[in-house]
Amino acid sequence: MNSKNHRENQNNSTHQQLICDISSQFVGKHISIVGWVNKLIKLKTVTFIVVCDNTGLLQIAIKNKTPNQNEITKNSIIQARGILQKSQSHDFDFELGVQSITVISKAITQSPLDMNSNISYLDTRLNSRALDIRNPKTAAIFKIRHNALISIRASLIQKGFIEITTPKIIGNAAEGGANLFSMKYFGNDAYLAQSPQLYKEQMMLGFNQIFEIATFYRAEKSHTLKHLSEFTSVDIECAFVNYSDIMDLIESIIKNLYEFILHNCKQEINIINTKIPNSYKRPFKRFTYSQIVEKLQNNDVGIKFGDDLLDSHLKLIGNLHPEFYFITDWPLKIKPFYISEKYENDHLSQSFDLQCGDIEISSGGTRIYDYQKLKNRMIDQNLNPSDFENYLNVFNWGMPPHAGCGIGLDRLMMVLTNSKNIRETVLYPRDPNRLFP
Ligand code: AMO
C-alpha cells in the first residue's frame, strides 16, 4: 500500500496528511500525521518534536503533559492529531498544536546514528543501513538511483530492446577469469556469474537488441572506492552494429538519464547538494588508446604501447578530462577473447572504455562472430576452448555480427550523485571486508 492509499484508508474524522502536502490552506484545521521522531526538545512548558515522514519534516508542539510522554523516544513512530498553526520557528512555516498523540511503535534502543549530522562514519551508517535511509541525503541517493533505473530501462525499451535475465549460477568460468566465487551445486562445482557476456551474445541468434540489469560477482580482493564484490551492471548487446554504434547508444542513454533526473529529482538534487555538470552533453570526446598513451608520455609518464592503463594514469587523464569521454581502440592483446580486432590493424581492437574523469563507467566492443577465429583467440589467451563448448557451438549456428557493452550502474550513480565512495550508492555493499548486514 503506498502512502497515498494509506492516507485514504485511515478512517479518522481528522484528515491524515502527508507532510509534503501541508500548506497554508490547512492553518486552523484539524489534521493528523504519522511519522518518526527526528528531534525531541523538552522545555519547561512545551515539548517540540520534529516529525518526519518520507515526504518531509514538520514540527509539532505539545503544550499539555500527555500520559504517554515518556514513551515518545527518538525514532519512534507516532501519530499526532491537532490543529495546524503558523510557526514562530526559523525552520518551519507551520507547526501542529497537538491535541492527542499515539505511539504506534516505540524505538527502544538508542540510534547508533545521528540523523541530523553528516559526520557519521560510512561504516557505522552501513552497519545500520535501515536507519540510515531515514537520513534525507541517503534517501535522496536511492531515489535518484530508482529514477535512473526507470530512465535507463525506458531509453532501451523505447529503442526496441528486450530485457532478459541470464543465470547467475554458472557451471564454468565465464570469460575465463580467475576472479570467480566458487560454490558447490548439488555435488558439482559451480560459480557466481561475473558478467552475462557469454549468454547475452548467444541471444543475438534470435533477438537483435537485448539488455539485462542485474547483479554480478567478482572475487577480487580490491579495497578501493570503486570496486565491490557484488555490483549492478547494465549489459547491452546488439546485432548488426559495431562498437561505434554502441558508443552512440551509451551517449544517448546518459543524456536521457541526466535530463530525466534533472526533471524528476529536483528536490533530491537539492538535498545532496550536487551540481549536475554539463559533462553529459553530447558528443562525448573519443580518444584512442594511443592518443592517451601519448598524452601520458607528454606528462613524463613511463608508459609504452601495449601497457594497460593504471589507476595512476587514469588519475592524471581524469584531471585533464573530468567529463565523460571514451578511450577507444585498445591493444588487442589486453582485451578479452571475444573482442574483435580492427580490420585495418590487427594489433588494435574494436573496443572502448567510457570514463568519467578517472572512473571507468563502461567497457564494450565489437565481438568476434566467427567460430574458428573465436576459438583461436581463446587458445592465444591460454584458455581451453572445450571449457566454452556450449558458448562456442552457438557460433556455428549462424551468428550475426554484433557488439555490446556493460555499464557499471553503481559507478554511474557515483558520478550522478557526486559520491566519492561506491558504497554510498549501494544499499548493502559487499566487499572483502563486508558481508553483513
Ligand atoms: P568489465 O569487466 O569492464 O566488462 O565490466 C563492465 C563495467 O562494470 C563495472 N564494474 C564494476 N563495478 C563495481 N565493482 C566491480 N568490481 C566492477 N567490475 C566491473 C565497471 C565496468 O566498466 N563483459 C564485459 C562488458 C562487455 O564487453 O559487454 C565486462 O564485464 O563500470
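A short tour of the structure in this document, coming up. Everything numeric in this text was worked out from a predicted model, so none of it was measured.

### Section: the overall build of the chain
Step number 1: On a plain count of helices and strands, the chain comes out with twelve helices and 19 strands.
Step number 2: The C-alpha extent of the chain, read off along each of the three principal axes, is 85 × 55 × 40 Å.
Step number 3: When the 437 residues of the chain are sorted by exposure, 50% land in the buried category.
Step number 4: Within the chain, residue pairs in contact and separated by at least 24 positions form 63% of the contacts whose partners lie at least 6 positions apart.
Step number 5: Entry remark: accessible area of the chain is about 22000 Å², with carbon and sulfur atoms responsible for 50%.
Step number 6: Both charge centroids of the chain, one from 48 positive and one from 44 negative side chains, sit 10 Å from each other.

### Describing the site of the ligand
Step number 1: Taken together, 22 residues surround the ligand, and among them Q197, K200, R218, E360 and S363 come closest.
Step number 2: One of the side-chain N or O atoms of S195 is found 3.5 Å from a nitrogen atom in the ligand.
Step number 3: With respect to the ligand, the side chain of K200 contributes an N or O atom lying 2.7 Å from an oxygen atom.
Step number 4: About the coverage of the ligand: the protein hides 91% of its 630 Å² of free accessible area.
Step number 5: Counting residues per element, the ones that place at least two in the shell around the ligand are α5 (197-202), β18 (359-366) and β19 (402-408).
Step number 6: Counting residues per element, the shell around the ligand draws most heavily on β18, at five residues.
Step number 7: For the shell around the ligand, the residue count by class is six nonpolar, eight polar and eight charged.

### Re helix α4 (residues 136-158)
Step number 1: Given a rise of 1.5 Å per residue, 23 residues ought to cover 33 Å, and the 32 Å separating the end C-alpha atoms of α4 matches this to within 8%.
Step number 2: For α4, the capping residue at the N-terminal end is N135, with a side-chain oxygen 2.9 Å from the backbone nitrogen of K137.
Step number 3: Immediately downstream of α4, the backbone of G160 shows phi near 95°, a positive value.

### Some words on the packing of α4 against helix α6 (residues 243-264)
Step number 1: Contact geometry of α4 with α6 gives a least axis separation of 9 Å together with a crossing angle of 135°. Here α6 runs oblique to α4, going by the angle between their axes. Of the two possible hands of crossing, α4 and α6 adopt the one that is right-handed. Mapping the contact onto sequence places I144, N147, A148, I150, S151, I152, S155 and L156 in α4 and L249, I253, N256, L257, F260, I261 and N264 in α6.
Step number 2: Here the contact of α4 with α6 is built from residues that sort into ten nonpolar, five polar and no charged.

### Looking at the sheet that holds strand β14 (residues 324-328)
Step number 1: Across the sheet, eight strands lie side by side as β7-β11-β12-β19-β18-β17-β14-β13; this open sheet has mixed pairing. The outermost strands of the open sheet, each flanked by one partner alone, are β7 (162-163) and β13 (285-288).
Step number 2: Note: β14 against strand β17 (residues 351-356), five bridges, orientation antiparallel. Along β17, the bridge assignment pairs F324 with C356.
Step number 3: Against the sheet, helix α12 (residues 409-416) touches β12 (230-239), β14, β17, β18 and β19, its axis set at about 135° to β18.

### Brief notes about the sheet that holds strand β10 (residues 188-192)
Step number 1: Pairing is antiparallel across the open sheet formed by three strands, whose spatial order is β8-β10-β9. In the strand order of this sheet, the two ends are held by β8 (169-170) and β9 (182-185), each with one partner.
Step number 2: Sheet topology note: the β9/β10 ladder contains four bridges and is antiparallel. When the bridges of β10 are listed, K184 appears paired with D189.

### A closer look at helix α10 (residues 371-380)
Step number 1: By the burial criterion, the buried members of α10 are Y371, L374, R377 and M378. Projected onto a plane normal to the axis of α10, the buried residues spread over an arc of 130° and lie on a single side.
Step number 2: Tucked into the core, α10 has its buried residues touching α11 (389-394).
Step number 3: Just beyond α10, the residue with positive phi is N382, at close to 60°.

### Considerations on the pairing of β19
Step number 1: For β19, a buried count of six out of seven residues is recorded, marking the element as mostly surrounded by other parts of the structure.
Step number 2: Bridging between β12 and β19 involves seven bridges; their strand directions are antiparallel. By the bridge assignment for β19, D235 is matched with G406.
Step number 3: Of the pairings in the sheet, the one linking β18 to β19 comprises five bridges and is antiparallel in character.

Cut-off values and rules
Residues numbered from 1 in each chain as written. Predicted model: local features only at pLDDT ≥ 70, side-chain atom pairs only at ≥ 80, totals over all residues. Heavy atoms only, no water. Helix = DSSP H or I, 4+ residues; strand = E, 2+ residues; numbered from the N terminus. Buried < 20%, exposed > 50% of the residue type's maximum accessible area, 1.4 Å probe, protein only. Contact = heavy atoms within 4.5 Å. Areas by Shrake-Rupley, 256 points an atom, 1.4 Å probe, with all protein chains shown as cover. Lys, Arg positive; Asp, Glu negative; His and termini not counted. Charge placed at Lys NZ, Arg CZ, Asp CG, Glu CD. Near = heavy atom within 4 Å. Polar contact = N/O pair within 3.5 Å; in protein donor to acceptor, adjacent residues only side chain to side chain. Nonpolar A, V, L, I, M, F, W, Y, C, P; charged D, E, K, R; others polar. Expected span 1.5 Å × (residues − 1). Axes fitted to C-alpha atoms, helices over the stretch in contact; angles between N-to-C directions. Parallel < 35°, antiparallel > 145°, perpendicular 65-115°, else oblique. Left-handed = near helix turned anticlockwise from the far one by under 90°. Pairing = 2+ DSSP bridges. Arc of directions from axis to C-beta.

As far as function goes, none of this settles anything; it's purely spatial.
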